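Descriptive analysis of the structure
Each chain, letter by letter, is given below.
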Amino acid sequence: MRKLIYYIATSIDGFIGHPETGDGSFFEQFASGDFHAFLLGEYGDTVPAFGRAHLGIADAPLTRFDTVVQGRRSNQVAYDMGITSPYAHLRQYVASRSLTESPDPAIELIQGDLVQKVRELKAEDSELDIYLCGGGEIAGQLVEEIDELVIKTYPVLVGSGIPMASAGFALRRYELTSVRSFDNGAIVSTYRKIR
């Protein structure tokens, strides 16, 4: 069975986006040097299609993910830029209770049982995994289905914002499988869920 991997950027104090807009573009200032090369090499599938074109990797083969799941608010950042299919190189699913139709034929809306849909995606026959793009609310709904966390922690405190997961209090155990630090102060930590 393939994995649901929550690949997310966060501040030291655990926030992934602005408290009102959800925008996490303030993390982009750290995308340089060895850190940027590492992210492109290991997680290039997670770069939005317009970014892949800009970086010259639009046609690069998929190596880690073939599907992306995200919430409507996370996807809204792309919509606000006039981009209706931000991850055109992946199968795209957007969970929404408010949208009545998909903004793009390439995006399938999940309006019903989100957990069941993700379980169906995980059961598919594929060697590639599922990228959980965010945000905090959808991660909270799917917290029991998240098999792996890949957390890019940036050296900033923001004080408030959208938390990594709004799941309610409960201890959920993960095993640290790798950690790598970079000269810009960023750390990438990978955790596997203990079942």
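Notes on the structure follow.

Tallied over the full model, the rule gives 11 aromatic pairs. Centre to centre, the rings of Phe-38 and Tyr-43 are 6.4 Å apart; their planes meet at 65 degrees, and the pair counts as edge-to-face. You'll find Phe-38 and Tyr-43 in the same group, each marked buried. An angle of 40 degrees between the planes, with centres 5.5 Å apart, marks the rings of Phe-65 and Tyr-131 as tilted. Taken together, the residues span a long stretch of sequence, with Phe-65 in strand 3 (residues 65-71) and Tyr-131 in strand 6 (residues 129-134) at a distance of 66 residues.

Let us look at the layout of surface pockets. Where empty space is left becomes clear once a probe the size of a water molecule has been rolled over the atoms. Taken as a whole, the second largest pocket holds about 240 Å³ of empty space. Lining of the second largest pocket is provided by Tyr-6, Val-143, Ile-146, Leu-149, Met-164, Ala-165, Ala-167, Gly-168, Ala-170, Arg-172 and Tyr-174. Grouping the amino acids of the lining of the second largest pocket by side-chain chemistry returns nine nonpolar, one polar and one charged.

Topologically, Asp-104 is positioned in the loop between strand 4 (91-95) and strand 5 (107-110). We note that Asp-104 is buried and unpaired, the nearest opposite charge coming from Arg-91 at a distance of 14 Å.

With that out of the way, let us pick up unusual backbone geometry. Negative phi characterises most residues that are not glycine, and trans characterises most peptide bonds. In this chain, Gly-134 is followed by Gly-135 through a cis amide linkage whose omega measures 10 degrees. On the secondary structure map, Gly-135 appears in the loop between strand 6 and helix 5 (136-141).

Next up on the list: the nonpolar core. With 22 residues, the main nonpolar core has Tyr-6, Leu-132 and Ile-146 as its most contacted residues. For this core, the elements supplying multiple residues, two or more each, are strand 1 (4-11), strand 4, helix 4 (114-123), strand 6, helix 5 and strand 7 (148-154). If we skip the residues at most four places from it in the chain, Leu-132 touches Leu-4, Ile-5, Tyr-6, Tyr-7, Val-69, Ile-138, Ala-139, Leu-142 and Ile-146. One finds Ala-9, Phe-27, Val-68 and Val-188 within the second-largest nonpolar core, a separate group that totals 20 residues.

Our next topic: the environment of Gly-33. In this structure, Gly-33 sits in helix 1 (residues 33-43). Along the primary structure Gly-33 and Asp-183 are separated by 150 residues, whereas in three dimensions their C-alpha atoms are 8.8 Å apart.

Here the focus is the pattern of salt bridges. This structure, assessed with the given rule, holds 14 salt bridges. Across the salt bridge formed by Arg-2 and Glu-124, the nearest N and O atoms sit 2.7 Å from each other. Of the two residues, Arg-2 is situated in the segment before strand 1 and Glu-124 in the loop between helix 4 and strand 6; the sequence distance between them amounts to 122 residues. Look at Arg-2 and you get buried, because its relative accessible area is 4%. The partner of Glu-145 in a salt bridge is Arg-119, with the nearest N and O atoms 2.8 Å apart. With a gap of 26 residues between them, Glu-145 in the loop between helix 5 and strand 7 and Arg-119 in helix 4 connect regions that are remote in the sequence. Judged by its relative accessible area of 10%, Glu-145 is buried. The partly exposed category is assigned to Arg-119, whose relative accessible area is 44%.

There is a patch of nonpolar side chains on the surface, built from Phe-50, Val-77 and Met-81 and spanning about 270 Å² of accessible area. Assignment of secondary structure puts Met-81 in the loop between helix 3 (72-80) and strand 4.

With that out of the way, let us pick up the environment of Asp-45. Mapped onto the secondary structure, Asp-45 falls in the loop between helix 1 and helix 2 (49-55). On the accessibility criterion, Asp-45 (3% relative accessible area) is buried. Filtering out sequence-adjacent residues up to four positions away, Asp-45 remains in contact with Arg-52, Pro-61, Leu-62, Thr-63, Arg-64, Phe-65, His-89 and Leu-90. Within the local environment of Asp-45, its side chain forms a polar contact with the backbone nitrogen of Arg-64, the two atoms lying 2.6 Å apart. A distance of 2.8 Å separates a polar atom in the side chain of Asp-45 from the backbone nitrogen of Phe-65.

Calculation notes
Residues numbered from 1 in each chain as written. Predicted model: local features only at pLDDT ≥ 70, side-chain atom pairs only at ≥ 80, totals over all residues. Heavy atoms only, no water. Phe/Tyr/Trp six-rings, centres within 6.5 Å; stacked < 30°, edge-to-face > 60°. Buried < 20%, exposed > 50% of the residue type's maximum accessible area, 1.4 Å probe, protein only. Helix = DSSP H or I, 4+ residues; strand = E, 2+ residues; numbered from the N terminus. 1 Å grid on protein atoms, 1.4 Å probe; cavity = no way out; pocket = protein on both sides within 12 Å on 5 of 7 lines; lining within 4 Å. Points joined across faces, edges and corners; volume = space filled by probe spheres on them. Nonpolar A, V, L, I, M, F, W, Y, C, P; charged D, E, K, R; others polar. Lys, Arg positive; Asp, Glu negative; His and termini not counted. Salt bridge = Lys/Arg side-chain N within 4 Å of Asp/Glu carboxyl O. Core = buried A, V, L, I, M, F, W, Y, C linked by side-chain atoms within 4.5 Å. Contact = heavy atoms within 4.5 Å. Patch = residues over 30% accessible without salt bridge, like charges linked within 9 Å, V, L, I, M, F, W, Y side chains within 5 Å. Areas by Shrake-Rupley, 256 points an atom, 1.4 Å probe, with all protein chains shown as cover. Polar contact = N/O pair within 3.5 Å; in protein donor to acceptor, adjacent residues only side chain to side chain.

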